[in-house]
Amino acid sequence: GASVQGGIEDAVIPLKGPYAHPTHYAHSQIHFTFLNLDVVLSRHYFISRTLALNPLTGVKNTWNHLKQNVWYSQGSYLLNNSAITKDSSKIWGIGPQVGINTQWYLGRGFHGIGFLSTSLLYSYIQAKQNSYVTPSQDLNFYVSQKNHQFIPNMQCNIGLGWSRFLNENKNYLTISIKHLN
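As the structure is a computational prediction, the values presented were derived from the model and not from experiment.

1. Focus: the overall build of the chain
- The helix and strand inventory of the chain stands at zero helices and eight strands.
- If you list the helices and strands of the chain from N to C, you get β-β-β-β-β-β-β-β.
- For 181 residues, the compact-globule formula gives about 16 Å, and the C-alpha radius of gyration of the chain, at 25 Å, lies well above that figure.
- The dimensions of the chain, computed from C-alpha atoms along their principal axes, are 75 × 40 × 25 Å.
- The buried share of the chain, taken over its 181 residues, is 28%.
- Residue pairs in contact within the chain that sit at least 24 positions apart in sequence constitute 60% of those at least 6 positions apart.

2. Observations regarding a nonpolar patch on the surface
- A surface patch of nonpolar side chains, amounting to about 590 Å² of accessible area, comprises Leu35, Leu37, Val39, Val59, Trp63, Trp92 and Ile94.
- Going through the elements one at a time, strand 2 (25-42), strand 4 (51-73) and strand 5 (82-107) are the ones with two or more residues in the nonpolar patch.
- Per-element accounting of the nonpolar patch gives the leading share, three residues, to strand 2.

3. Here we look at unusual backbone geometry
- Along the chain, Thr134 connects to Pro135 via a cis peptide bond; the corresponding omega equals -5°.
- In this structure, Pro135 sits in the loop between strand 6 (110-134) and strand 7 (141-166).
- Of note, Glu168 is a non-glycine position whose phi angle comes to about 55°, a positive value.

4. Topic: the packing of aromatic side chains
- For the coordinates displayed, the defined rule picks out three aromatic pairs.
- With a centroid separation of 6.4 Å and 20° between ring planes, the pair formed by Phe32 and Phe34 is classed as stacked.
- For Phe34, a relative accessible area of 48% puts it in the partly exposed group.

5. Describing the pairing of strand 6
- Pairing analysis gives 23 bridges linking strand 5 to strand 6, with the strands arranged antiparallel. Residue pairing for strand 6: Asp87 is matched across the bridge by Gln129.
- Counted along the chain from strand 5 to the antiparallel partner strand 6, the turn is two residues long, and its residue Arg108 has a positive phi close to 55°.
- Across 22 bridges, the pairing between strand 6 and strand 7 is antiparallel. Bridge pairing in strand 7 links Thr118 to Met154.

6. Observations regarding the pairing of strand 7
- Sheet topology places strand 7 next to strand 8 (residues 171-180); ten bridges connect them, and they run antiparallel. Bridge assignment links Ile158 to a residue of strand 8, and that residue is His179.
- The hairpin turn running from strand 7 into strand 8, its antiparallel successor, is four residues long, and Asn167 in that turn takes a positive phi close to 55°.

7. Describing the environment of Asn153
- You can see Asn153 is positioned in strand 7.
- Residue classification places Asn153 among the partly exposed positions, given a relative accessible area of 25%.

8. Remarks on the side chain of Thr62
- Mapped onto the secondary structure, Thr62 falls in strand 4.
- Within the structure, Thr62 has its side chain in polar contact with the backbone oxygen of Leu35 (distance 3.3 Å).
- Other than its neighbours up to four places away in sequence, Thr62 contacts Phe34, Leu35, Asn36, Ile91, Trp92, Gly93 and Leu121.

Reading the values: rules and limits
- Residues numbered from 1 in each chain as written.
- Predicted model: local features only at pLDDT ≥ 70, side-chain atom pairs only at ≥ 80, totals over all residues.
- Heavy atoms only, no water.
- Helix = DSSP H or I, 4+ residues; strand = E, 2+ residues; numbered from the N terminus.
- Rg over C-alpha atoms; globule rule 2.2 N^0.38 Å.
- Buried < 20%, exposed > 50% of the residue type's maximum accessible area, 1.4 Å probe, protein only.
- Contact = heavy atoms within 4.5 Å.
- Patch = residues over 30% accessible without salt bridge, like charges linked within 9 Å, V, L, I, M, F, W, Y side chains within 5 Å.
- Areas by Shrake-Rupley, 256 points an atom, 1.4 Å probe, with all protein chains shown as cover.
- Salt bridge = Lys/Arg side-chain N within 4 Å of Asp/Glu carboxyl O.
- Phe/Tyr/Trp six-rings, centres within 6.5 Å; stacked < 30°, edge-to-face > 60°.
- Pairing = 2+ DSSP bridges.
- Polar contact = N/O pair within 3.5 Å; in protein donor to acceptor, adjacent residues only side chain to side chain.

Okay, structure coming up:
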């Protein structure tokens, strides 16, 4: 996690939770999980000696979970207590996907790569925040929201690759580097 501590004349202003008084110490921990599963049907079409197109259609599935805990302490209002905020948000979505994958053959096994896809995910979203000041039980704050909605999604890759047949043309090795947007 990350920590910040103010000096004698400095103050840390809380940005998370309902506690808004300046403090002298803050600590944060973040955990993020991002998972994608794409199941696609596609077929290669060689347009020329230097260009191959691969249109695709399928189903995209995504899971995201973001969790953050923040502690504030040592303020003139907190004294020896701590203000704690725990955030959690989850998204799960599934929907149809269409796209196109391209390869431009440059020679000597090198090729340019381009990929563009879009999907419309029917998503379940859950967000929670729990804030409290220790050891008091009177300053509890809890918010939770759940909803379903459609979320459009777009994915774009560009890159460069190198390919070569191995083992008397029985195996094919590809090494590539891509930039994902």
